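An overview of the molecular structure
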Amino acid sequence: DSSANISEEVEHTITGIEPGAGIAQATDNALDEYENLAGWEHEKSSTAAMLTALGDAIDKEEPIVVTGWSPHYMFAKWDLKYLEDPNGVYGDVENIITIARKGLKDDMPEAYTILDNIHWEPEDMESVMLDAQEMEFEEAAQKWVDDNQDMVDEWTKGVEPVDGESIELVLTPWDTERSSANVAKIVLEQQGYDVTLTPVDPSVVFEAIAAGDADASLAPWMPATHGAFYEKHEGEFEDLGENLTGAKIGLVVPSYMDIDSIEDLEP
Ligand code: PBE
């Protein structure tokens, strides 16, 4: 297929996910910043709908352009590639960071220390996400904690137990964050905390922490995905640094498609 045919066959449409996602905002920016995407549409719906459309297209070996990210099982399940992004709209490497409300360090130093210490590898997160295909996230996270008690011991080393204090973590509603939040919940519960997990849109993650309505979050993707929210609230929350390095977002296509770059998409 020529790239002109590809663009016509996908009806000049990018298959997106939830409108509140950082990657949705980045994709709207891409439509503005790439002249060749003038006239393209970004169809937002849900992650589940995007994955269904991707799977259907691959079954028929048809072209499709989706908004994709890693870690995600889509790359294990299908042969996919990121389109090159010469304008750098989607950034290069993304890191997932931990943020906390101002005052958490004084109010709950034990939780703060643990949250500050939590750092794992993409393979760890992937193993929770993979198990969660077959069981609840709570169970998949518990399985990971049981298998990785050494790492958990490092995170909690020297931290005193507490007596049922309540702490609320906000997360975004994607598998990556369901995995990290559920692992953090179990680790904090082992320490004696009573943990509530609240899934919200990325914008609300930052609003809730900045307002002090929630205590902490392991959900922000930086610098591209949620950078605009970060900047909007900068100074109103504590940045505890990365909990995972080596994530990525971008436009993703099946490997059989004969294009390599966002610039190969035609008006
Ligand atoms: N994601 C997964 C989210 C963050 C985690 C890349 C789909 C987003 O775009 O906001």
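Structure's up top.
What comes next concerns the included structure. (Residues numbered from 1 in each chain as written. Predicted model: local features only at pLDDT ≥ 70, side-chain atom pairs only at ≥ 80, totals over all residues. Heavy atoms only, no water.)

Let's shift gears to the pairing of strand β10 (residues 237-254). In this sheet, β10 lies alongside strand β3 (residues 66-70) in antiparallel orientation, the contact comprising five bridges. Bridge assignment links T67 to a residue of β10, and that residue is L251. Two strands pair when backbone bridges link them, and strand β4 (residues 80-82) and β10 are joined in this way by three bridges, in the antiparallel orientation. Bridge pairing links L80 to P254 in β10. (Pairing = 2+ DSSP bridges. Helix = DSSP H or I, 4+ residues; strand = E, 2+ residues; numbered from the N terminus.)

Glancing now at the side chain of D131. Among the secondary structure elements, D131 is positioned in helix α7 (residues 122-131). Contact partners of D131, with chain neighbours within four places excluded, come to A140 and K143. (Contact = heavy atoms within 4.5 Å.)

We now examine helix α6 (residues 109-117). Buried within α6 are the following residues: A111, Y112, I114 and L115. An end-on view of α6 places all buried positions within 165 degrees of arc, on one side of the element. (Buried < 20%, exposed > 50% of the residue type's maximum accessible area, 1.4 Å probe, protein only. Arc of directions from axis to C-beta.)

Looking now at the packing of aromatic side chains. A complete count under the given rule lists seven aromatic pairs for this structure. Ring centres of W144 and W155 lie 5.8 Å apart, and the angle between their planes is 20 degrees; on these two criteria the pair is classed as stacked. You can see W144 sitting in helix α8 (residues 137-147) and its partner W155 sitting in helix α9 (residues 149-156), a full eleven residues away along the chain. For the residue pair W144 and W155, the accessibility class agrees, reading buried in each case. Residues F206 and F229 carry aromatic rings whose centres are separated by 6.3 Å and whose planes lie at 35 degrees to one another, so their mutual orientation is tilted. With F206 in helix α11 (residues 202-211) and F229 in helix α12 (residues 227-233), this pair connects stretches of sequence that are 23 residues apart. F206 sits in the buried class, given a relative accessible area of 1%. Classification of F229 by relative accessible area gives buried; the value is 14%. An aromatic cluster of three or more residues is present, and its members are F206, F229, Y230 and F237. Against the face of Y82 rests K248, its NZ or CZ located 5.0 Å from the ring centre. (Phe/Tyr/Trp six-rings, centres within 6.5 Å; stacked < 30°, edge-to-face > 60°. Lys NZ or Arg CZ within 6 Å of the ring centre and 35° of its normal.)

To continue, consider the site of the ligand. Taken together, 13 residues lie around the ligand, and G22, I23, E177, W221 and H226 are the ones closest in. Between the ligand and I23, the relevant distance is 2.9 Å, taken from an oxygen atom to a main-chain nitrogen or oxygen of the residue. Between the ligand and the protein, one listed contact pairs an oxygen atom with a side-chain N or O atom of H226 at 2.7 Å. Going through the elements one at a time, α2 (22-33) and α10 (175-190) are the ones with two or more residues in the shell around the ligand. (Near = heavy atom within 4 Å. Polar contact = N/O pair within 3.5 Å; in protein donor to acceptor, adjacent residues only side chain to side chain.)

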